[in-house]
Amino acid sequence: MQKITSIKGRLIYDSRGNKTIEVDVITDNKYVGRTSVPSGASVGRNEVINFPNGKPEQCLMAINDNYKKFLGIDPIDLKCIHDTIREIDNTDNYSNIGGAFAFAITIAAMESASKFLHVPLFKILTNKPKLEFPIPLGNILGGGLHAGIGTPDIQEILICPHGSKSIRDAVEINFNVHKELCNVLYEKNLNFTGGRSDEGGWAPEINNEEALEASCKACENLGYVLGKDVSLGIDLASSTQWDPKCEQYIYKHNKLQLDEEKQIEFVSDLIERYKLIYVEDATHQDSFEAMHELTNKFPNVFITGDDLTTTNKRILSHAIKSKSCNAAILKVNQAGSLYDALQFAQHANENDIKIITSHRSGETIDSQIVHIGISTGSKMLKIGVVGGERISKINELIRLSEYDLIHGMTQL
Ligand code: PEP
Ligand code: MG
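Every value quoted in this text rests on a predicted model; they were computed, and no experiment measured them.

Parameters and conventions
Residues numbered from 1 in each chain as written. Chains lettered and ligands numbered in written order. Predicted model: local features only at pLDDT ≥ 70, side-chain atom pairs only at ≥ 80, totals over all residues. Heavy atoms only, no water. Phe/Tyr/Trp six-rings, centres within 6.5 Å; stacked < 30°, edge-to-face > 60°. Helix = DSSP H or I, 4+ residues; strand = E, 2+ residues; numbered from the N terminus. Buried < 20%, exposed > 50% of the residue type's maximum accessible area, 1.4 Å probe, protein only. Lys NZ or Arg CZ within 6 Å of the ring centre and 35° of its normal. Pairing = 2+ DSSP bridges. Axes fitted to C-alpha atoms, helices over the stretch in contact; angles between N-to-C directions. Contact = heavy atoms within 4.5 Å. Arc of directions from axis to C-beta. Near = heavy atom within 4 Å. Polar contact = N/O pair within 3.5 Å; in protein donor to acceptor, adjacent residues only side chain to side chain. Areas by Shrake-Rupley, 256 points an atom, 1.4 Å probe, with all protein chains shown as cover. Nonpolar A, V, L, I, M, F, W, Y, C, P; charged D, E, K, R; others polar. Domains from an automatic or database assignment. Buried area = accessible area lost by both parts, 1.4 Å probe.

1. Here's the deal with the packing of aromatic side chains
Move 1: In the structure shown here, the tally under the stated rule is seven aromatic pairs.
Move 2: Here F192 and W202 contribute two aromatic rings whose centre-to-centre distance is 6.1 Å and whose plane-to-plane angle is 85°, an arrangement assigned as edge-to-face. Of this pair, F192 sits in the loop between helix 5 (167-188) and helix 6 (208-221) while W202 is found in the loop between helix 5 and helix 6, placing the two residues ten residues apart along the sequence.
Move 3: Taking the relative accessible area as the measure of exposure, F192 reaches 7% and is therefore buried.
Move 4: In this structure W202 comes out as buried when scored by relative accessible area, which is 10%.
Move 5: Following the ring pairs from residue to residue traces out a cluster consisting of Y186, F192 and W202.
Move 6: Over the aromatic face of Y94 sits the side chain of R86, whose NZ or CZ is 3.8 Å from the ring centroid.
Move 7: Its end group placed over the ring of F302, K354 keeps NZ or CZ at 5.0 Å from the ring centre.

2. Thoughts on the sheet that holds strand 6 (residues 231-235)
Move 1: With respect to topology, eight strands assemble into a closed barrel ordered 4-5-6-10-11-12-13-14, the strand pairing being mixed. Within this sheet the neighbouring strands show an average axis-to-axis angle of 30°, counted without direction.
Move 2: In this structure, strand 5 (residues 156-160) lies alongside strand 6, joined through five bridges in antiparallel fashion. Counted as the bridge partner of E156 is D235 from strand 6.
Move 3: This element, helix 5, spans strand 4 (135-142) and strand 5 of the sheet and lies at about 10° to strand 4.

3. Concerning helix 9 (residues 313-321)
Move 1: Of all the positions in helix 9, only I315, L316 and A319 are classed as buried. One face of helix 9 carries all of its buried residues, which in axial projection span an arc of 100°. Projecting away from the buried face of helix 9 at angles above 90 degrees are the exposed residues R314 and K321.
Move 2: Looking at the buried residues of helix 9, the elements they touch are helix 8 (288-297), strand 12 (327-330) and helix 11 (338-350).

4. Quick word on the site of ligand 1
Move 1: Around ligand 1, the structure places 15 residues, and the nearest of them are A41, S42, H146, R360 and S361.
Move 2: The contact in question runs from an oxygen atom of ligand 1 to an N or O atom on the side chain of Q155, over 3.0 Å.
Move 3: Between D306 and ligand 1, the recorded distance is 3.0 Å, taken from a side-chain N or O atom to an oxygen atom.
Move 4: When the free accessible area of ligand 1 is taken as 290 Å², the share hidden by the protein chains comes to 100%.
Move 5: The residue makeup of the shell around ligand 1, split by class, is one nonpolar, six polar and eight charged.
Move 6: There are two domains that each give the shell around ligand 1 at least three residues, and those are domain 1 (4-118) and domain 2 (131-409).

5. Brief notes about the pairing of strand 13 (residues 354-358)
Move 1: Burial of strand 13 is extensive: four of the five residues sit out of reach of the surface.
Move 2: Relative to strand 13, strand 12 is paired through four bridges, and the arrangement is parallel. Bridge pairing in strand 13 links L330 to T357.
Move 3: Pairing geometry for strand 13 and strand 14 (residues 380-382), over three bridges, is parallel. Paired with I356 across the strands is M380, a residue of strand 14.

6. A few points about the domain arrangement of the protein chain
Move 1: Here the protein chain is described as being made up of domain 1 (4-118) and domain 2 (131-409).
Move 2: Taking the mean C-alpha position of each, domain 1 and domain 2 sit 27 Å from one another.
Move 3: Counting residues at the interface gives 31 residues for domain 1, matched by 32 residues for domain 2.
Move 4: A buried area of about 2500 Å², summed over both sides, lies between domain 1 and domain 2, and 52% of it is on carbon and sulfur atoms.
Move 5: For the interface between domain 1 and domain 2, the tally reads 23 residue pairs in polar contact (both at pLDDT 80 or more).
Move 6: Broken down by secondary-structure element, the contributors of at least two residues to the side of domain 1 that touches domain 2 are strand 3 (31-36), helix 2 (78-88) and helix 3 (99-117).
Move 7: Looking at the side of domain 1 that touches domain 2, the element that brings in the most residues is helix 3, giving seven residues.
Move 8: Taken together, the residues of the side of domain 1 that touches domain 2 sort by class into eleven nonpolar, 13 polar and seven charged.

Written out as structure tokens, the structure is:
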């Protein structure tokens, strides 16, 4: 039987220049699986702890102290690897060793197994016979915690090329809209310097409506019909605006204060005015009722939980019961191990919750999330547009689309 013969962790740096960890899991002294850990800026309260006490060094120490417990395990036995991690840290939020430990070892082990078996990673993560490509969602404009002072309060404006005929076409459309939006912003605002957010979207000093108008204009300039060829989406990351003390959403740039009811009106108006297809975290992370209202009102829009559901199966069950979303973000490092995240995905799929597999704002050049997105039946893949750490994922999606054409996967 094939087995894990060595594990090595090290400190490297992410796209923000912050320390993170990278782990190599080697099978039969030959097949190297390598994974590094991303980090969020707008982190949900119910996410697991990425690094103990915020320190990647402590996570690395935990790997060095415990790696021998994994030697001899079959790398494809995800459950056994997960259970071994749980024997080391059985806290709900991986506070002893850090979710990064669980994230890196489980994904690196599966990658090592895929190399040993000579099959792509996505194939060993699922036994579904028929898979479809997720649509790449491109981040074209950034604000909030991803872009800083002066930028819109909305954290992300996204382009969804749902009318495209192929993955390559979809990717091309995303790049085109991103480029054209830069032209629109230069024309509109002499102060625009071409600065970008963490995820590669433009970071202009304009307000929410101006940002959405400019995004629509970029699509129209290219001849794309909104709602037919492409649609816009937004991530409001509303927990970053919500002040629980005064129970108001505080929009610093737009100088607005909204209570829950007004927030629902505000979001409904944006959906209708800009024909949005996708709205993430429209209200704050504890507002299951408000999210239910929006889900009820807009059944054809992806009303998506991110901080609301935090890739947590128990919280997703609550959201399903209260009908608080029809889609949910899957970020493996919100959950901890890949096993935890796949359990979440299974639960979502069994309950008609559409999955959107997503990057983090602080990323590395790893591209395994593309495989995870395909294997979990994700409808969309939130992987940004430009920047090396985003491009590495987009290019992996293109490679897989060629491979899968030959092997009979359906295109968009
Ligand atoms: C998000 O909120 O969807 C996101 C990708 O941001 P972060 O990684 O900062 O949580
Ligand atoms: Mg989000």
